[in-house]
Amino acid sequence: MKMESQNVITSVPWTQGQQPYYYWLCRVQGIGSKTALSLLAQAGSPEHIYESTEQEQKQWRERNLLSERQLQNLCAARRERNLHREHETLQKRGISMYPLSHPDYPASLRLIPDPPAVLFGKGRLPDQEKPSVAIIGARSCSLYGRTMAYEFARALAKEGVQIISGMARGIDGIGQKAALQAGGYSCGVLGCGVDICYPKENQELYDGLLKQGGILSEYLPGTQPKPVFFPPRNRIISGLADALLVVEARQKSGTLITVDMALEQGREVYVLPGRIGDPLSQGCNQLIAQGAAMAFSPRELLDNLYAGTRLFREGQHQNPRKGSKPAENTDKPQVFACSESAGPDRTEALTEQERALYEVLDLYPKGPEQLRREYSDWCGQSLTPAQLMDLLVRLCMKGAACREPAGGFRKNAQFFEQNRRYKK
Amino acid sequence: MFVTMESATLNGMECIPVKVEVDVAPGMPFFEMVGYLGSEVREARERVRVALKNIGVELPPCRITVNLAPAGVHKAGTAFDLPMAVGILTALGRIPEEHTRGILFIGEVGLDGSLRPVTGVLPVVQDARKRQLNHCMLPKANEGEAAVIEEVRVTAPSHLGEALTYLQMDVNERDTYLTPAKPLLPEGQEEEKEDFSEVAGQEEVRRGVELAVAGSHHLLMVGPPGAGKTMIARRIPGILPPLTKEESLELSAVYSVAGKWKEQTGLITKRPFVSPHHTISDQGLTGGGRIPKPGAVSLAHHAVLFLDELGEFRRRTLDLLRQPLEEKKIHLSRAFGTYTYPADFLLVAATNPCPCGYYPDPLRCHCSPREIERYLSKISGPILDRMDLCVEVAPVSLQLLSKTEGNESSAVMLRRILQARDRQEKRYRNTPYHYNSQLSGADTLKYCVLEEAQKKLLETAFHTMGLSARAYHKILKVARTIADLENCDEIRQEHLTEAIGYRRMDQWRGIAYDPEKKGDGL
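Residues numbered from 1 in each chain as written. Chains lettered and ligands numbered in written order. Predicted model: local features only at pLDDT ≥ 70, side-chain atom pairs only at ≥ 80, totals over all residues. Heavy atoms only, no water.

(A) Molecular detail of the interface of chain B and chain A. Facing the 32 residues of chain B at the interface are 26 residues of chain A. At the boundary of chain B with chain A, total buried surface from both sides reaches about 2,600 Å², with 60% on carbon and sulfur atoms. Linking chain B with chain A are three salt bridges. There are six residue pairs in polar contact (both at pLDDT 80 or more) connecting chain B and chain A. Breaking the side of chain B that touches chain A down by element, the ones donating at least two residues are helix H8 (203–215), helix H15 (369–377), helix H20 (452–465) and helix H22 (493–501) of chain B. With six residues, H22 of chain B is the largest single contributor of residues to the side of chain B that touches chain A. Class assignment for the residues of the side of chain B that touches chain A results in 16 nonpolar, eight polar and eight charged. (Contact = heavy atoms within 4.5 Å. Buried area = accessible area lost by both parts, 1.4 Å probe. Salt bridge = Lys/Arg side-chain N within 4 Å of Asp/Glu carboxyl O. Polar contact = N/O pair within 3.5 Å; in protein donor to acceptor, adjacent residues only side chain to side chain. Helix = DSSP H or I, 4+ residues; strand = E, 2+ residues; numbered from the N terminus. Nonpolar A, V, L, I, M, F, W, Y, C, P; charged D, E, K, R; others polar.)

Below, the structure is given as structure tokens:
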């Protein structure tokens, strides 16, 4: 159910000639989405705002559409003369601009309670005809979360679902990467200018999105990321999607804030359950307790969201797992029944003890004392500190484990992903 | 009349003999002191004059000239009061000159004639003995300190009057008036024995600490607050081999110069635990002042210097540790000369792994990787370079905390350490080395022999674990110590891998510090 929003003025018609003025309006200090939209409603077009008379401005001030400060800034900004040149530089940098009234402005976003007045973008916008799912979750995720995000995103993308997220570390980035690797489309909404790659470690993803997907932001190009920018951008992520998939979330996290926004916008929320006591699943399990739907597999998610809709129109439906059995077998997680070979089992190169220690390791780092304890719980043997260090160093040298600079050892994720063929 | 009294001054730890020359001649009243004197030395003129009056000695009108030779060496301190007073009395004929020969005089004189203690007595008396000057006169309060040197006869009056009487008496009888001091026997130094049996669990750290002591490797502990880093560090002196007589004398001399000699306890027999707060000044750490006094690094000579909260120390201050860590001594240059103090300490440091302190606990640590990186790279590069071992201190669980038995005691650990030290003594018998950590250059490869298989293992480790080239030799030395602790002649694979495991800090320095760049410091 999509809700009507109070402020939407789709009656302000858009023309190409207005673009420079829209860009100018964005750059006026202190005027955000809400103010811009209400001014546009009064003035009819940004050009009119630019050319407005003192009397009109006084009226706007009296009607409290603007604060005193904003009015001053507006007047100061009106002295700018080279609007067209500014706009040209924007275009030259390959950055597109979509005001609310632009025909290409995402329709789903228009109807949220507080839509961004203007969107900046690089690459392609999400296709409004195709389904979109936002995949979000914790930044420091566990191996479980990482794997699930990857598998879900990959499976959804293969079915033609567009993956929306924030390009952040952890779940966001993994989901988007998986979508691109599967040949699908992904859109990253940023808490900074579209020309800035944040976080830096996701540079590869950023480049990939430029080629194969899209990048959006309501902030001016060149804006550096600030913590305050991230909650508002989350509303855009959920606004662009049909549904939200929460993979891992701590009890008090930004992810849960995004969930609230999604609910406000009337989007469906699907949650991956997790282990009780695992702090990274606390938020998720809490949402389920509050009534969110559980996601057990990509197949099920797709069925729930899109059964009988355009996705399953004849000829468009593709089975991502060619040659595998239909989804009746419920004891093994469907996702892993994939017959795609992932290469030889690299754990064969490990000794018995090393393999046991490898099992005990996780993606998040654990300290040596904890590892010794869990090792002896796992296989009944106890190790001296020297013996443990010996095994850990060997695992590191074989590429199966990594040591965190700040402390602790963890599984090497690449080793694990390349080794994902499960033996019975 | 012209007389000369024997005295001495300290230039850092170096004792310089000083001759106090006193000349008294008839003429207009005149009292002049020369010899490159500090202001407190000049003030001796007033002190001595008034003190003499107060013991009943009236100075006749005469010209008194005092020279402290050698005149080119700067004199400081108040120890020259006594030799000056005695010199003047002798020059005036009140004391027979033969009675003052062969005696070293030091001491401060109060206006009432009482003799006050001075610092640095121990090294001065040691030096006197070396010069065959086997009789010293000094204030009563310094008696115990001087008596430590058994071969020297110590006469310790408490008042200038007593000194005068003593020196006027016949040489054969005067010792019944002021009997020579007997050396103080240290009384029960066995108070508060902090033992490792009180530490529950923490096997990783115990192992690390044992290695550190056995081979004299500098140790870094990383862990959350409250995990017991300080508790463990405090117990390290208890597993250090006992001080030898020479080490005890050396260390006590430093404390004496620093003014920290305690009359009640005498010679230092227990290795001190020096733990400066991270707000300590440069001078406090390395020593300093206009006339430099020893700093924390010297007070930890032959002992443990513990730097808690390493990341909180000023980087510049930590960088000062570079020289003492390399050379085992510290040179302080001043206008009056260069002062050298010994500084052969075992460095133990502790730090949190991240700003909140609880990494890698996923329940409590919410620090971002950037914050962690920034926190760790704040720690001075040169210090990390010289750390040989890095252990992780885990938070102790509640069950372990209540476990009072079954924890290895310091005595057991010490036994193993002594055995490892023994091996090292034998190995380095005709070399300047005492510990594995001291090996340098080609000697490292000579004494830490690896077989082909081990060499390959080390190579692989370098490529996969991001170790720096400096780490190579350090790993060898630590592996050698591990083998020694296990009573093994050859270095085995498991010794190597364990040694590699202690080198975590190589990954810390990414952005902030480049060891190749000269003049580091952001």
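(B) Local environment of helix H16 (residues 368–379) of chain A. The end-to-end C-alpha distance of H16 of chain A is 16 Å, a good match for the 16 Å that twelve residues give at a rise of 1.5 Å each. Taken from the residues just after H16 of chain A, Gly-380 of chain A is the one with a positive phi, measuring 80°. (Expected span 1.5 Å × (residues − 1).)

(C) Structural context of the packing of helix H15 (residues 352–360) of chain A against H16 of chain A. Residue and element names in this part refer to chain A. Interaxial distance between H15 and H16 falls to 9 Å at its minimum, and their mutual angle equals 115°. As the angle between them shows, H15 and H16 are arranged roughly perpendicular. For the pair H15 and H16, the sense of crossing is right-handed. Contacts between H15 and H16 pair Gln-353, Ala-356, Leu-357, Glu-359 and Val-360 from the former with Leu-371, Glu-374, Tyr-375 and Trp-378 from the latter. Of the residues belonging to the contact of H15 with H16, the class tally is six nonpolar, one polar and two charged. (Axes fitted to C-alpha atoms, helices over the stretch in contact; angles between N-to-C directions. Parallel < 35°, antiparallel > 145°, perpendicular 65-115°, else oblique. Left-handed = near helix turned anticlockwise from the far one by under 90°.)

(D) Here's a closer look at the environment of Gly-208 of chain A. Residue and element names in this part refer to chain A. Residue placement: Gly-208 occurs in helix H10 (residues 203–212). You can call Gly-208 buried: its relative accessible area is 16%. Residues contacting Gly-208, with those up to four places away along its chain left out, are Leu-180 and Gly-213. (Buried < 20%, exposed > 50% of the residue type's maximum accessible area, 1.4 Å probe, protein only.)

(E) Region of interest: the sheet that holds strand E4 (residues 162–165) of chain A. Residue and element names in this part refer to chain A. Taken together, the nine strands give an open sheet; going across it, the order is E1-E2-E6-E5-E4-E3-E7-E8-E9, and neighbouring strands pair in mixed fashion. Taken across any chain shown, the strands that pair with only one partner, and hence form the sheet edges, are strand E1 (96–99) and strand E9 (293–294). In terms of strand pairing, strand E3 (residues 132–136) meets strand E7 (residues 243–246) through four bridges, oriented parallel. Looking at the pairing, Ile-136 lines up with Val-246 of E7. Of the strands in this sheet, strand E2 (118–123), strand E5 (186–189) and strand E6 (214–217) touch H10, which is tilted by about 105° from E6. Across the face of the sheet, helix H12 (residues 254–264) comes into contact with E3, E7 and strand E8 (268–271) while running at roughly 160° to E7. (Pairing = 2+ DSSP bridges.)

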